[in-house]
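# Architecture and fold: a report
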Amino acid sequence: MRALLSPDPDDFPCGCLVVSGIDEPGNRLILYANHYVSEQFGFAAEGLVGSPLSGMLSRASTVIFDVYVLPTVLHEGRCSEVLLELQTPTGSKCPVVVNARRHSTDQTLIVLSLFDATQRDTLYQELVETRRLLEEKASILQHLSSTDELTGLLNRRELNKRAAIMLAEARRYETSVAVLVVDIDHFKELNDTLGHAGGDKILAELGKRFREQGRATDIVARYGGEEFVFVVPKMDEFRVRQLAQRLHKVASEVPVPGKVLTVSIGIGLTHSRDDFLYETLFMRADKALYAAKAAGRDRSLFFDVDAQDVGERVIDLLPSS
Ligand SMILES: Nc1nc2c(ncn2[C@@H]2O[C@H](COP(=O)(O)OP(=O)(O)OP(=O)(O)O)[C@@H](O)[C@H]2O)c(=O)[nH]1
């Protein structure tokens, strides 16, 4: 019974080491190793006693032992649950969870327990990999939920979200934001002539070319159907006009298989001189677009907030072709 209650260190299902030289710099020597160390980790039992501890550990683990485990034991008497790596005689590495404490009678010795952490390490690696996959999926979902599939531009939901933020910033820093609503003229006819797939190609090509006309900080979105929206920070009237001209230009030469199409577009524009609410600016630009359609299409009209008469509120930016 007495023997049962005072088990041999070889009975324990973990590695047990006694290491010398706690207060001395340099190599700590192994004074005792139980059977588990050779059975489980493959170290030759006869060679272990008297060999340096650093011979069992990977280089990084030797550093961790010297700069963390040892000082902690010296300071606090013990150090718990440190993940180290054994460099086994076969050349493979084996993760172990190490607990260390001062020997109860000889304070210059350290007693170590080594728990094989291969399983735990594998589980941890799997967890890390699962988290990476989840993050990747979340980022794909985030992209899908904010992007228009056909054109790759932002969708309406993302447009509304980002435009509100841009306008809040513009109000805060007293800068101007321009809103352009762009609509393809007579798109139904293009669909009827080229087929729905042909219409899709035009939308995708125009979306790509519109995106190229903006800067990285501009919001370029497909609002829906054949309608696009630009929300452009720090824009004066001159640069808005230039942007509108560039959009008309790229629409006038859209390459589709076998030919180059001239696509007519209408643009309604406004900027945030007196109002920083995106909904208001969109409504004004949309009104200007409506007026551009009514005035014969293929033009850009600017919504002028100074004009008193509603009929005078649009300024023709480009001569109609
Ligand atoms: N190919 C294609 N067509 C679309 C898509 N979304 C909307 N449309 C078509 O776009 C056309 C829009 O028609 P309308 O709203 O009458 O506009 P429009 O023909 O451009 O006429 P105006 O704007 O008044 O010049 C409809 O025929 C829709 O079916 C799409 O994703 N792909």
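What counts, and at which threshold
Residues numbered from 1 in each chain as written. Predicted model: local features only at pLDDT ≥ 70, side-chain atom pairs only at ≥ 80, totals over all residues. Heavy atoms only, no water. UniProt positions renumbered as here; feature names shortened; annotations may be inferred. Near = heavy atom within 4 Å. Polar contact = N/O pair within 3.5 Å; in protein donor to acceptor, adjacent residues only side chain to side chain. Areas by Shrake-Rupley, 256 points an atom, 1.4 Å probe, with all protein chains shown as cover. Helix = DSSP H or I, 4+ residues; strand = E, 2+ residues; numbered from the N terminus. Core = buried A, V, L, I, M, F, W, Y, C linked by side-chain atoms within 4.5 Å. Buried < 20%, exposed > 50% of the residue type's maximum accessible area, 1.4 Å probe, protein only. Contact = heavy atoms within 4.5 Å.

If you check an unreviewed UniProt entry, the protein chain appears there as diguanylate cyclase from Halomonas tibetensis. Its UniProt record gives the protein chain the following Catalytic activity (unreviewed entry) comment, quoted word for word: "2 GTP = 3',3'-c-di-GMP + 2 diphosphate".

## A short note on the site of the ligand
By nearness alone, 16 residues border the ligand, and His-186, Phe-187, Asp-200, Arg-222 and Arg-297 come closest of all. Here His-186 contributes a backbone N or O atom positioned 2.7 Å from an oxygen atom of the ligand. At a separation of 2.6 Å, a nitrogen atom of the ligand approaches a polar side-chain atom of Asp-200. Here the ligand has 660 Å² of accessible area as a free molecule, and 66% of this is covered by the chains.

## Description of the environment of Asp-306
Along the chain, Asp-306 falls in the loop between strand 12 (300-303) and strand 13 (314-316). Separated by 32 residues in the primary sequence, Asp-306 and Asp-274 place their C-alpha atoms 9.8 Å from one another.

## A short note on the nonpolar core
One finds Leu-180, Ile-184, Phe-210, Phe-230, Leu-247, Val-263 and Ile-265 to be the most contacted residues of the largest nonpolar core, which totals 30 residues. Listing elements by their share of this core, those giving two or more residues are strand 6 (177-184), helix 7 (187-213), strand 8 (227-233), helix 8 (237-251), strand 9 (254-256) and strand 11 (265-271). With sequence-adjacent residues up to four places away left out, Ile-184 is seen in contact with Leu-190, Leu-203, Leu-206, Glu-226, Phe-228, Val-263, Ser-264, Ile-265 and Lys-293. Core analysis: the next-biggest nonpolar cluster, separate from the first, contains 28 residues, Ile-30, Val-37, Leu-48 and Leu-114 among them.

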